[in-house]
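Structural overview for review
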Amino acid sequence: MKAYVVKEYKAPLELAEVPEPAVGEHDVLVQVRAASLNPLDEKIRAGEFKQILPYDLPLVLGHDLAGTVLRVGAKVSGFEPGDEVYARPGKDRIGTFAERIAVPEADLALKPASISMEEAGSLPLVALTAWQALVERGDVRPGQRVLVHAGAGGVGSIAIQLAKHLGATVATTASASNADFVRGLGADVVIDYRTQDFERLLSGYDLVLDSLGGKNLEQSLRVLRPGGKAIGIAGPPDPAFAREIGANPVLRLAVAALSSGILRQARRLGVQYEFLFMRASGDQLREITALIDKGAIRPVVGKTVTFAQTPEALGALERGGFRGKAVITEI
């Protein structure tokens, strides 16, 4: 079976022959028909996460997929061969830049009937991130105010739609060229990040979803109402995350040091900061499927590439130049 692997950190992806996936009794073997490219893939390739995600190399990259079920394990009851499905496999089972992958049944859901394989392949990681930030962590309610940074990006384009569906007033940051696009997704307030300072223009927000980190996150704390919450997906990781992944004492101390500054600022302002590293969930994907099939959320695929173009496309990801997600097809 062909797959793109990282043989050593910082080295380019290589196309290699790898063993066929082992299919456990709770696993579903899926023929991958579309897989999206995520910044997380590039960060892992570059070795940026090796302390908190200690993968053994060589490693097949890829964090989400859409495809067709080929075979199911002996104890799988919810899927059968021929089903069209999508998933973000759990962090210990990644590897969607491959022809086939075995996915735990609990991580899998039937693909939304109203969208294509390419569109479905764009969704799992970003849609689950948005759901876990806004629904699970943020508990967004009608009438609240939510700021979503980078609204034209993969996470942002889904989060705007979800926040609007939940009844929030939504502000977002985007370039002037993407202003009409993000308004079309549901943004009520659009801040041109190149020419405007969102901290000067916004205040009293209930929730911020920050995908940029650094100074942007610090400014985000200052637009929150007292008791409001900033959820960061670009870091820094916080002690709760270290406990969640079962980090050793040395790593816990390092994570505490990394997040001490932003947590101190949050306490001083009377607001909260939480780091979110999304997790796999077939149940949540089924909730998302219902929203997609009724038209509340639409996927945004800004670029498609062939399987052969995967290494080049991953390297170019941070340069952007497109809206939403980049998706690998013709696998």
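So, here is what we can say about the structure in this document.

Each value, and the rule that gives it
- Residues numbered from 1 in each chain as written.
- Predicted model: local features only at pLDDT ≥ 70, side-chain atom pairs only at ≥ 80, totals over all residues.
- Heavy atoms only, no water.
- Helix = DSSP H or I, 4+ residues; strand = E, 2+ residues; numbered from the N terminus.
- Buried < 20%, exposed > 50% of the residue type's maximum accessible area, 1.4 Å probe, protein only.
- Contact = heavy atoms within 4.5 Å.
- Expected span 1.5 Å × (residues − 1).
- Pairing = 2+ DSSP bridges.
- Arc of directions from axis to C-beta.
- Axes fitted to C-alpha atoms, helices over the stretch in contact; angles between N-to-C directions.
- Salt bridge = Lys/Arg side-chain N within 4 Å of Asp/Glu carboxyl O.
- Core = buried A, V, L, I, M, F, W, Y, C linked by side-chain atoms within 4.5 Å.
- Right-handed = clockwise from strand over helix to strand, strands pointing away.

Quick look at the overall build of the protein chain
On a plain count of helices and strands, the protein chain comes out with 11 helices and 16 strands. Overall, the C-alpha framework of the protein chain stretches about 55 × 45 × 35 Å when taken along its three principal axes. Within the protein chain, the proportion of its 331 residues that are buried is 56%. In the protein chain, the share of contacts with a sequence separation of at least 24, taken over all contacts with a separation of at least 6, comes to 69%.

Some points on unusual backbone geometry
A cis geometry characterises the amide bond from L57 onward to P58, with omega recorded as 0°. By the element assignment, P58 lies in the loop between α1 (39-45) and β4 (59-60). Put simply, G235 and P236 share a cis peptide bond, and its omega is 5°. Position of P236 among the secondary structure elements: in the loop between β13 (224-232) and α8 (239-244). The backbone phi angle of K10 is positive, close to 80°, even though this residue is not glycine. As for its placement among the helices and strands, K10 is situated in the loop between β1 (2-6) and β2 (14-17). In this structure, E330 is a non-glycine residue whose phi angle is positive, near 55°.

Some details on helix α4 (residues 154-165)
An ideal rise of 1.5 Å per residue puts 16 Å on 12 residues; α4 measures up with 18 Å between its terminal C-alpha atoms. With 10 of 12 residues buried, α4 is to be regarded as a mostly interior element. Turning to α4, its buried residues number three or more, namely G154, V155, G156, S157, I158, A159, I160, Q161, L162 and A163.

Side note on the sheet that holds β2
With antiparallel pairing, the 3 strands of this open sheet are ordered in space as β2-β1-β4. Edge positions in the sheet fall to β2 and β4, since each has one partner strand and no second. Where β1 lies against β2, 4 bridges are found, and the strand directions are antiparallel. Its bridge partner lying in β2, A3 is registered against A16.

Points about helix α10 (residues 282-293)
Turn by turn, an α-helix covers 3.6 residues, leaving residues three or four places apart pointing in a common direction. Spanning 12 residues, α10 covers 16 Å between terminal C-alpha atoms, matching the ideal 16 Å at 1.5 Å per step. Inspection of α10 places G282, Q284, L285, I288, T289, L291 and I292 among the buried residues, and these make up the whole buried set. Buried residues along α10 cover an arc of 165° about the axis, so they all sit on one side. Buried-residue contacts for α10 involve β6 (84-87), β8 (108-110), α3 (124-137) and α4. After α10 finishes, the residue G295 shows a positive phi value of roughly 90°.

Some points on the sheet that holds strand β11 (residues 189-192)
Here we have 6 strands laid out as an open sheet, ordered β11-β10-β9-β12-β13-β14, and parallel in their pairing. What marks the edges here is a single partner per strand, and that holds for β11 and β14 (272-275). Looking at each pair of strands side by side, their axes are set apart by 15° on average, direction ignored. The pairing of β13 with β14 spans 4 bridges and is parallel. In the sheet register, K229 faces β14, and the bridge partner there is Q272.

Regarding the environment of G143
Within the element layout of this structure, G143 appears in the loop between α3 and β9 (145-148). Its relative accessible area of 61% is what places G143 among the exposed residues. Here the alpha-carbon distance between G143 and K164, two residues 21 residues apart in the chain, equals 10.0 Å.

Observations concerning the pattern of salt bridges
Across all of its chains, the model carries 22 salt bridges by this definition. When the shortest N-O distance is used, the salt bridge between K43 and E48 registers 3.7 Å. Exposure remark for K43: the relative accessible area of 33% places this residue in the partly exposed category. Among the residues examined, E48 registers a relative accessible area of 51% and is labelled exposed.

What to know about the nonpolar core
Within the largest apolar cluster, 103 residues are counted, with the highest numbers of intra-cluster contacts made by L37, L61 and Y86. Looking at this core, the element that brings in the most residues is α3, giving 8 residues. Listed in part, the 7 residues of the second largest apolar core include A3, V5, A16 and V18.

Here's the deal with the pairing of strand β12 (residues 205-210)
Every other side chain in a regular strand lies on the same face of the sheet, so the side chains alternate between the two faces. Burial analysis of β12 places 6 of its 6 residues in the buried class, the great majority of the element. Sheet topology places β9 next to β12; 3 bridges connect them, and they run parallel. Its bridge partner being in β12, L147 is matched across the sheet by V208. The handedness of the β12 to β13 crossover, carried by helix α7 (residues 214-221), is right-handed.

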